[in-house]
Amino acid sequence: MMEPERTRRSARGWTIIALRWIAALAVLGVLLHFLPLAAVRSSIARVPPQYFLAALLGYLLAHALGVLKWRMVVNAAGAQLDFATSLQCYGGGLFGTLFLPSIVGGDVIRLAVGLRRSPRPAAVLAGNVVDRFLDVAAQAGLVSLGLALLPGSLPESLRSIATRALLAAIAIGAVLILAVFFLRGIFLRGRSFRFRRRLARLRHALRSVSARPHILVAGWLAATVIQSTFLVLTAWIAVACGLKLPLRVWLFAWPLAKLAAVLPLTQGGIGVREAALVALLAPFGAAGTLVLASGLVWEGIVVIGGSIAGLAAFVASRRNRSDSSR
């Protein structure tokens, strides 16, 4: 009975990934329906190959810093992972976001490897949650900086939307924290001793991280550097396509577009991110064809970078397997 059930789950997973890729192509198709395809192709052709390769190298170096950040945070929780295992987790997660069927993206891959390799699985789970929180905090910081640098040129409608989005995110976070605090008794009522022990381990891991504020600050700074690198590389590619906008405009629009891409509508947020950028940059006079062209070039970098990350994760897994067999 287990084998047919596993087969059905696998088929359902690949059906989901196929539908999400179809959704991504559909969104891009809608954009190309309203924007001249010839102009988009012409803008893409303006990007010199060396620019593309340099941006790809910058993308990979930023994620190399991401590996170090992730390892630092999960080990602060007590995961005790070496660099090769951290690379396997992080690279596999980056690959899984693009190519594997998962509603929550590559976090499933990160946790699947980390929970198996760490002597303290709860620390991997807690550290990954904190790492994601630091990423979101870094993006929120970039949006706030963009809002601060665009007091006069930002349309009132966009300022209102961005402000409400930030306040809503803060409110949701506060509600979740309060709910966990006040409802923990109801949640734990009737639970088994084994479940309570696992929850205690998770709570201990979270406390281990929170007891090291320098790790949190360093993680947030690293996340800000990584997200800023992606932002600058995107703006640089856009200039090569013919789109020249002040960097403060990108500081406002790019993080919001990336947050919109988190919605599990398309694979890896492809299409959603471009549509959001076209809408967010239009009030600043950005031509939709140039925005879409730069977005498609960036997606090419993301796909190739994700493939390289998957290859690195595979090599790291082979090394871990050979080390464990000795």
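Draft legend 1. Fine view of the overall build of the protein chain. Each helix and strand in the protein chain was counted, giving 12 helices and zero strands. Along the protein chain, helices and strands appear, N-terminal first, in the series α-α-α-α-α-α-α-α-α-α-α-α. Counting all 326 residues of the protein chain, 42% fall into the buried class. The contacts in the protein chain between residues at least 6 apart in sequence include a share of 77% that link residues at least 24 apart. Looking at the protein chain as shown, the accessible area adds up to about 17200 Å², and 71% of this sits on carbon and sulfur atoms.

Draft legend 2. Examining the nonpolar core more closely. Residues Leu243, Trp250, Phe252 and Leu281 are the most contacted members of the largest nonpolar core, which totals 52 residues. Elements with a contribution of two residues or more to this core: helix H1 (2–34), helix H3 (49–76), helix H4 (83–99), helix H6 (121–149), helix H9 (213–241), helix H10 (247–260), helix H11 (272–281) and helix H12 (288–325). Not counting the four nearest positions on each side in its chain, Trp250 is found in contact with Leu231, Thr234, Ala235, Ala238, Leu243, Leu245, Pro255, Leu277 and Leu281. In this structure, Ala77, Ala79, Val113 and Ala123 belong to the second largest nonpolar core, which totals 18 residues.

Draft legend 3. Layout of the packing of aromatic side chains. Applying the stated criterion across every chain, the model contains five aromatic pairs. Ring centres of Phe252 and Phe284 lie 6.2 Å apart, and the angle between their planes is 65°; this geometry places the pair in the edge-to-face category. Of this pair, Phe252 sits in helix H10 while Phe284 is found in the loop between H11 and H12, placing the two residues 32 residues apart along the sequence. The exposure class of Phe284 is buried, given its relative accessible area of 18%.

Draft legend 4. Quick look at the side chain of Ser294. By secondary structure assignment, the location of Ser294 is in helix H12. Taking the relative accessible area as the measure of exposure, Ser294 reaches 1% and is therefore buried.

Draft legend 5. The pattern of salt bridges, seen in detail. As enumerated under the stated definition, the model contains five salt bridges in all. Between Lys69 and Asp135 there is a salt bridge, with its nearest N and O atoms 3.1 Å apart. Of this pair, Lys69 sits in helix H3 while Asp135 sits in helix H6, placing them 66 residues apart in sequence. An identical accessibility class is assigned to Lys69 and Asp135; each is buried. Arg110 is the salt-bridge partner of Asp131, the closest N and O atoms lying 3.5 Å from each other. Here the residue Asp131 occupies a position in helix H6, and Arg110 occupies one in helix H5 (residues 107–117), the gap between them amounting to 21 residues. The exposure classification of Asp131 matches that of Arg110, with both residues buried.

Draft legend 6. View of the side chain of Glu299. Tracing the sequence through the fold places Glu299 in helix H12. Among the polar contacts made by the side chain of Glu299, one reaches the side chain of Arg273 at a distance of 2.8 Å. Those residues in contact with Glu299 that lie beyond four places of it in its chain are Ile270, Gly271, Arg273 and Glu274.

Draft legend 7. The arrangement of the packing of H3 against H6 in detail. One can describe the packing of H3 onto H6 by two numbers: an axis separation of 8 Å at closest approach and a directional angle of 130°. One finds that H3 runs oblique with respect to H6. Crossing hand, H3 versus H6: right-handed. Here Lys69, Trp70, Val73 and Val74 of H3 lie close against H6, whose contacting residues are Ala123, Val124, Gly127, Asn128, Val130, Asp131, Leu134 and Asp135. Along the lines of polarity and charge, the residues of the contact of H3 with H6 split into seven nonpolar, two polar and three charged.

Draft legend 8. Fine view of the packing of H6 against H10. Orientation of H6 relative to H10, taken along the N-to-C sense of each, is 145°, at an axis distance of 7 Å. Taken as a pair, H6 and H10 cross one another with a handedness that is left-handed. The segment H6 lies against H10, with Gln139, Leu142, Val143, Leu145, Gly146, Leu147 and Leu149 engaging Arg248, Leu251, Phe252, Pro255, Leu256, Lys258 and Leu259. Grouping the amino acids of the contact of H6 with H10 by side-chain chemistry returns 10 nonpolar, two polar and two charged.

Draft legend 9. Broad picture of the confidence of the model for the protein chain. Per-chain confidence: the protein chain averages 82 in pLDDT, with 78% of residues scoring 70 or above. Mean pLDDT across the elements of the protein chain bottoms out in helix H7 (residues 156–188) (64) and peaks in H3 (95).

Draft legend 10. The environment of Leu145, seen in detail. Counting through the fold element by element, Leu145 comes out in helix H6. Under the relative-accessibility criterion, Leu145 is labelled partly exposed at 40%. Note: C-alpha distance between Leu145 and Arg248 (103 residues apart in sequence) is 8.0 Å.

What counts and what doesn't
Residues numbered from 1 in each chain as written. Predicted model: local features only at pLDDT ≥ 70, side-chain atom pairs only at ≥ 80, totals over all residues. Heavy atoms only, no water. Helix = DSSP H or I, 4+ residues; strand = E, 2+ residues; numbered from the N terminus. Buried < 20%, exposed > 50% of the residue type's maximum accessible area, 1.4 Å probe, protein only. Contact = heavy atoms within 4.5 Å. Areas by Shrake-Rupley, 256 points an atom, 1.4 Å probe, with all protein chains shown as cover. Core = buried A, V, L, I, M, F, W, Y, C linked by side-chain atoms within 4.5 Å. Phe/Tyr/Trp six-rings, centres within 6.5 Å; stacked < 30°, edge-to-face > 60°. Salt bridge = Lys/Arg side-chain N within 4 Å of Asp/Glu carboxyl O. Polar contact = N/O pair within 3.5 Å; in protein donor to acceptor, adjacent residues only side chain to side chain. Axes fitted to C-alpha atoms, helices over the stretch in contact; angles between N-to-C directions. Parallel < 35°, antiparallel > 145°, perpendicular 65-115°, else oblique. Left-handed = near helix turned anticlockwise from the far one by under 90°. Nonpolar A, V, L, I, M, F, W, Y, C, P; charged D, E, K, R; others polar. pLDDT = per-residue confidence, 0-100.

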